Amino acid sequence: VTDTDLTAYLPLFGKDTLVFNVFTSTSSIRRSGVTDEATARAKLSQGCVTGAPGFAPCIAGEDQLVADYLAYNRYGLATALGGPNRLRAYPQGRFQAGNASYRGIEYRLNFSDKPTEFNWFVLGGVNTLLQLAFFYEQGTVSEERLVLNQKLRNSYGVGVRALVSSFVYRFDVAFGDEGTGVTLFLDYPMELTP
């Protein structure tokens, strides 16, 4: 897996920040695993019985399991999208495939940046900052790179950050096609490595 992450910061109005982030992840395999559907289906059989109650959802689940297994064996698995750092409206790891692409923008509005200094036994020199952040993100995954950006997912929202003792406490509310995601996390988005 090769991840490429580029983040740019643009100061605005003396104390605010506009953050841009572009991320790509590509997977390549050295040797394919099982790529024969019959072999994969025999290995992953869910025991669906034709005509039995619940056959349709059972076979649909088995079909998806087999398809995911074969795709993983052919293309590998790039860094997933979804969760607290990329596409925040979706659960952690929601979108997975052999390739991933993401771009996001976040406007961080700083309210209080007065340094508060103290010296405790093991902790000292504390700065405190309160921010309100507005963000918009797009991301996509695909097994093949040529069609990677054909189906983009969007995520947008607002968050509050408090920087205390070199830790960033973050609360985000994000909205997307599948509902709302809430994040309570340590550290900024667009800054953690997977």
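Anyway, here's the lowdown on the structure attached to this text.

Cut-offs applied
- Residues numbered from 1 in each chain as written.
- Predicted model: local features only at pLDDT ≥ 70, side-chain atom pairs only at ≥ 80, totals over all residues.
- Heavy atoms only, no water.
- Patch = residues over 30% accessible without salt bridge, like charges linked within 9 Å, V, L, I, M, F, W, Y side chains within 5 Å.
- Areas by Shrake-Rupley, 256 points an atom, 1.4 Å probe, with all protein chains shown as cover.
- Salt bridge = Lys/Arg side-chain N within 4 Å of Asp/Glu carboxyl O.
- Helix = DSSP H or I, 4+ residues; strand = E, 2+ residues; numbered from the N terminus.
- Buried < 20%, exposed > 50% of the residue type's maximum accessible area, 1.4 Å probe, protein only.
- Disulfide = S-S within 2.5 Å.
- 1 Å grid on protein atoms, 1.4 Å probe; cavity = no way out; pocket = protein on both sides within 12 Å on 5 of 7 lines; lining within 4 Å.
- Points joined across faces, edges and corners; volume = space filled by probe spheres on them.
- Nonpolar A, V, L, I, M, F, W, Y, C, P; charged D, E, K, R; others polar.
- Core = buried A, V, L, I, M, F, W, Y, C linked by side-chain atoms within 4.5 Å.
- Contact = heavy atoms within 4.5 Å.
- Polar contact = N/O pair within 3.5 Å; in protein donor to acceptor, adjacent residues only side chain to side chain.

**A closer look at a nonpolar patch on the surface**
Side chains of Phe111, Leu130, Val160, Phe171, Val182 and Leu184 sit close together on the surface and give an oily, nonpolar patch of about 600 Å² of accessible area. Considering the arrangement of structural elements, one finds Leu184 in strand 7 (residues 179-186). The exposure class of Leu184 is exposed, given its relative accessible area of 71%.

**A closer look at the state of the cysteines**
In the structure shown here, the tally under the stated rule is 1 disulfide. Across the disulfide, Cys48 is cross-linked to Cys58 (sulfur-sulfur distance 1.9 Å). Between Cys48 and Cys58 the disulfide shows an S-S torsion of about -85°. By sign, it is left-handed. Of this pair, Cys48 sits in the loop between helix 1 (37-44) and helix 2 (55-75) while Cys58 sits in helix 2, placing them 10 residues apart in sequence. Of the residues examined, Cys58 reaches a relative accessible area of 24% and is grouped as partly exposed.

**A word on the layout of surface pockets**
In this approach a probe as big as a water molecule rolls over the atoms, and the regions it shows empty are the leftover space. In this structure, the largest pocket spans a volume of roughly 220 Å³. Taken together, Gln64, Ala67, Asp68, Ala71, Tyr72, Gly76, Leu77, Gln96, Ala97 and Glu143 form the lining of the largest pocket. Among the residues forming the lining of the largest pocket, the class breakdown is 5 nonpolar, 3 polar and 2 charged.

**Thoughts on the nonpolar core**
Counting 10 residues, the largest nonpolar core consists of Phe23, Leu81, Leu87, Ala89, Tyr90, Phe95, Ala100, Tyr102, Phe135 and Ala174. Residue contacts for Leu87: discarding those within four places in its chain leaves Leu81, Gly82, Phe95, Tyr102, Glu137, Gln138, Gly139, Arg153 and Ser155. In this structure, Ala40, Leu44, Val66 and Leu70 belong to the second largest nonpolar core, which totals 5 residues.

**As for the pattern of salt bridges**
On inspection of all chains with the given rule, the structure shows 14 salt bridges. A salt bridge links Glu62 to Arg41; the nearest nitrogen and oxygen atoms lie 2.8 Å apart. Remark: Arg41 occurs in helix 1 and Glu62 occurs in helix 2; sequence separation between them is 21 residues. A salt bridge links Asp172 to Arg161, with the shortest nitrogen-to-oxygen separation between them at 2.4 Å. Of this pair, Asp172 sits in strand 6 (residues 167-176) while Arg161 sits in strand 5 (residues 153-164); the two residues are 11 residues apart in sequence, bridging distant segments of the chain. One exposure class covers both Asp172 and Arg161, and it is buried.

**Describing the side chain of Asp16**
With respect to the element layout, Asp16 can be found in strand 2 (residues 16-26). In this structure the side chain of Asp16 is engaged in a polar contact, spanning 2.6 Å, whose partner is the side chain of Tyr107.

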